[in-house]
Amino acid sequence: MKKIKENGLSLTFLVMFLLALGGQAIAGLALFNDQQLVDGGEPVSIFKYVASSDFAVDVAENWQSEYLQFFLYIMLTVWLVQKGSPESKKVDDAGPGSDEEQLLGRHARPDSPAWAKVGGIRRQVYSNSLGLVMGLVFVLSWLAQSVAGVASYNSQRLLDLRDPVSWGTYATSPDFWNRTLQNWQSELLAVLSMVTLSIYLRQRGSPESKPVGAPHTWTGVEN
């Protein structure tokens, strides 16, 4: 029970993610099979649908936009600030911080990660590991979206008795960028809303909010 309590947030989001993914698969299957009947095809099983390019492109296009959001937020908040927002560092703290502030090298604690205590390339990699991983997942999911997308797109073109297109043609097509940009704009709007609304609005008990009685001008963890 202690382990569950200590990891309650991640476990809850993991369960909700799996439930949402399963729900998407069921709803997507119903929609796919309905279209199959319209096109004169045969309904498919959920296992075949989950392994299809249609399901893969829908999942990948959402993943890439989410990881783009996190990647941009992580990297931009190193240098950019928003006065009054708990999502921002203090105005005068912009930048990567000193080794002392970041507990690096001789300033590391006994329980600091091993790569924070050493120098050279290992420290540089670890110092930027969160942004690197988020950026890598974004690129990989974006590529997965384009590969699955071109397969799904060409399947529909063949049904319409049109020639399939290459990956490069699809990656520059209106279909691909319509799918991509409609996700990007929603994610960027969500971040903008969180950064600005948290200046003036509160949620008692949430670490994403300032204390209820904190002045609107308080920034980050300022008190």
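None of the values given here were measured: they were computed from a predicted structure.

K.L.:
Which residues make up the overall build of the protein chain, and what values go with them?
P.N.:
A tally of regular secondary structure across the protein chain gives 9 helices and 0 strands. For the protein chain, the sequential pattern of α-helices and β-strands runs α-α-α-α-α-α-α-α-α. Compactness check: the protein chain gives a C-alpha radius of gyration of 23 Å against a globular reference of 17 Å for 223 residues, more than 25% above the reference. If one aligns the C-alpha atoms of the protein chain with their principal axes, the spans along those axes are about 65 × 45 × 40 Å.

K.L.:
For the nonpolar core, give the residues involved together with the corresponding values.
P.N.:
Within the largest apolar cluster, 7 residues are counted, these being Ala-25, Leu-29, Phe-32, Val-44, Tyr-49, Phe-55 and Val-59. Contributions of two or more residues to this core are made by helix 2 (8-38) and helix 4 (53-79). Look past the residues within four positions of Phe-55 in its chain and what remains in contact with it is Leu-21, Gln-24, Ala-25, Tyr-49 and Val-50. Phe-138, Val-150, Tyr-170 and Phe-176 belong to the second largest nonpolar core, which has 6 residues in total.

K.L.:
Let's hear about the packing of helix 2 against helix 4: which residues, and what values?
P.N.:
One can describe the packing of helix 2 onto helix 4 by two numbers: an axis separation of 10 Å at closest approach and a directional angle of 140 degrees. The orientation of helix 2 with respect to helix 4, classified from their angle, is oblique. Helix-helix and strand crossings are classified by hand; for helix 2 and helix 4 the assignment is right-handed. From helix 2, Phe-17, Leu-21, Gln-24, Ala-25 and Phe-32 reach across to helix 4, where they touch Asp-54, Phe-55, Asp-58, Val-59 and Trp-63. Among the residues forming the contact of helix 2 with helix 4, the class breakdown is 7 nonpolar, 1 polar and 2 charged.

K.L.:
Just give me the short version of the pattern of salt bridges, but keep the residues and values in it.
P.N.:
Opposite charge on two side chains lets them pair, provided their charged atoms get close. Applying the stated rule across the entire model yields 7 salt bridges. Among the salt bridges present, the one from Glu-61 reaches Arg-179, with a minimum N-O distance of 2.4 Å. In this pair, Glu-61 sits in helix 4 while Arg-179 sits in helix 9 (residues 174-200), placing the two residues 118 residues apart along the sequence. Given a relative accessible area of 8%, Glu-61 falls into the buried group. Between Asp-111 and Arg-109 there is a salt bridge, and its shortest N-O distance comes to 2.9 Å.

Rules used throughout
- Residues numbered from 1 in each chain as written.
- Predicted model: local features only at pLDDT ≥ 70, side-chain atom pairs only at ≥ 80, totals over all residues.
- Heavy atoms only, no water.
- Helix = DSSP H or I, 4+ residues; strand = E, 2+ residues; numbered from the N terminus.
- Rg over C-alpha atoms; globule rule 2.2 N^0.38 Å.
- Core = buried A, V, L, I, M, F, W, Y, C linked by side-chain atoms within 4.5 Å.
- Buried < 20%, exposed > 50% of the residue type's maximum accessible area, 1.4 Å probe, protein only.
- Contact = heavy atoms within 4.5 Å.
- Axes fitted to C-alpha atoms, helices over the stretch in contact; angles between N-to-C directions.
- Parallel < 35°, antiparallel > 145°, perpendicular 65-115°, else oblique.
- Left-handed = near helix turned anticlockwise from the far one by under 90°.
- Nonpolar A, V, L, I, M, F, W, Y, C, P; charged D, E, K, R; others polar.
- Salt bridge = Lys/Arg side-chain N within 4 Å of Asp/Glu carboxyl O.

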